[in-house]
Amino acid sequence: MLPNEETIVLRPTAAPGVRPVLLAVFAHPDDESFGPGGTLARYAWSGVAVHLICATGGEEGTVDAALLNGYESVAALRRTELLRAAEALGLSSVTLLGYRDSGMPGTEANRHPAALINQPRDQVAAQIVRHIRRLRPQVVMTFDPIGGYRHPDHIAIHEATVAAFHAASDPAAWLEAGPPYAPQKLYYTTFSRRLLRLLVRLMPLLGRDPRTFGRNRDIDLTKLAEVEFPTHARIDTTAVREQARAAALAHVSQGAGGPLTRGPLSKVLGLLGSADTFMRAYPPVDGDACEDDLFAGVQW
């Protein structure tokens, strides 16, 4: 099912090749802020053209009825929140691929014909290829192989982005998507397992069950803490902490101001510093590596 795609330009940028370009590809409005928001803000505010692709409208996000006043749908509200967050982060553009939120595993939304998980993976990859060739990013980022917390949409967009990253340079692939272009680095967003295990231990002391985390109580942090991904890059986001916080707070309907942005847990996280972590998927890492710049080694 072909979606209604939309690109919103927030900050006109110079022609590709004039300045560094970073492309982030995620599934829902808020993924850009509740994950690597600090990193996106750091690069945007240092002069990098940072572009975001968001695959779905986030229709399955739980929204308080009062917040829908003046909006025709949950997706319309979440689009507004996304654009506010993008402004706070300093993004150059946001592209909405136009698919429907698939919901968590086992929900009725999984069967919706417009849901992202029900689309041919090649179709979604072809869309991303077109934007890679149009924007010509040196660096691309997306979710890790389990989508952070095993959300079906996160996993689907991870698979499509990885396929697109490698296909974009193939002159025989998707000729209608523009001239071939090879991005140089691919990163997966990760979450420090050391920090996650600390949260799992602290939450019961604060009256929270780590097995029922999230606005809908459907994320089991104890299971996620068992999955290890290597950390190949650690990006210090201290200088843009306020921008990242403003972006997170823009997503009011999704629990902005919750336990990770205020209260005892937020104070603990603040003491541990401000940094985002990533796994480098391409080029492959030979041995140990811990970069402090996603553009390290990029050829200009």
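To start, this report covers the structure provided alongside it. Remember, it's a predicted structure, so these values are computed and weren't measured experimentally.

Turning our eyes to something else, we now look at helix H3 (residues 74-89). A rise of 1.5 Å per residue sets the reference length of H3, with its 16 residues, at 22 Å; its end C-alpha atoms lie 22 Å apart and thus fit the reference within 8%. Every buried residue of H3 is accounted for by Val74, Ala76, Leu77, Arg78, Glu81, Leu82, Leu83, Ala85, Ala86, Ala88 and Leu89. Glycine 90 sits one or two residues past H3 and shows a positive phi near 85°.

Right, let's get into the sheet that holds strand S8 (residues 275-282). Strand order in this open sheet of eight strands is S1-S4-S3-S2-S5-S6-S8-S7, and the pairing throughout is mixed. Two strands bound the open sheet, and with one partner strand each, they are strand S1 (6-9) and strand S7 (233-236). For this sheet the average axis-to-axis angle between neighbouring strands, irrespective of direction, equals 25°.

Let us look at the packing of H3 against helix H9 (residues 241-250). Across the interface, H3 lies against H9 with an axial gap of 8 Å and an inter-helix angle of 175°. Viewed along their axes, H3 and H9 adopt a mutual orientation that is roughly antiparallel. Contacts between H3 and H9 involve Glu81, Arg84, Ala85, Ala88 and Leu89 from the former and Gln243, Ala244, Ala246, Ala247 and Ala250 from the latter. Taken together, the residues that form the contact of H3 with H9 break down as seven nonpolar, one polar and two charged.

Below, the discussion takes up the packing of aromatic side chains. Any pair of aromatic rings gets described here by the distance separating the centres and the angle formed by the planes. Tallying each qualifying case throughout the model produces five aromatic pairs. Centre to centre, the rings of tyrosine 43 and phenylalanine 295 are 5.4 Å apart; their planes meet at 55°, and the pair counts as tilted. Linking tyrosine 43 in helix H2 (residues 37-45) with phenylalanine 295 in the segment after S8, this pair joins segments that are 252 residues apart in sequence. Relative to phenylalanine 278, the ring of tyrosine 187 has its centre 6.3 Å away and its plane inclined at 75°; by these criteria the two rings are edge-to-face. Here phenylalanine 278 lies in strand S8 and tyrosine 187 lies in strand S6 (residues 185-190), a separation of 91 residues in the sequence. A single burial state applies to tyrosine 187 and to phenylalanine 278, both of which are buried. Members of the aromatic cluster, each reached through a chain of ring pairs, are Tyr43, Phe295 and Trp300. A cation over an aromatic ring shows up here: arginine 42 above the ring of tyrosine 43, its NZ or CZ 5.7 Å from the ring centre.

Of all seven residues in strand S4 (residues 93-99), six are buried, a share of seventy percent or more. Sheet topology note: the S1/S4 ladder contains four bridges and is antiparallel. For glutamate 6, the partnering residue across the bridge sits in S4 and is leucine 96.

Rules and cut-offs
Residues numbered from 1 in each chain as written. Predicted model: local features only at pLDDT ≥ 70, side-chain atom pairs only at ≥ 80, totals over all residues. Heavy atoms only, no water. Helix = DSSP H or I, 4+ residues; strand = E, 2+ residues; numbered from the N terminus. Expected span 1.5 Å × (residues − 1). Buried < 20%, exposed > 50% of the residue type's maximum accessible area, 1.4 Å probe, protein only. Pairing = 2+ DSSP bridges. Axes fitted to C-alpha atoms, helices over the stretch in contact; angles between N-to-C directions. Parallel < 35°, antiparallel > 145°, perpendicular 65-115°, else oblique. Contact = heavy atoms within 4.5 Å. Nonpolar A, V, L, I, M, F, W, Y, C, P; charged D, E, K, R; others polar. Phe/Tyr/Trp six-rings, centres within 6.5 Å; stacked < 30°, edge-to-face > 60°. Lys NZ or Arg CZ within 6 Å of the ring centre and 35° of its normal.

Any functional reading would require information that these geometric values do not contain.
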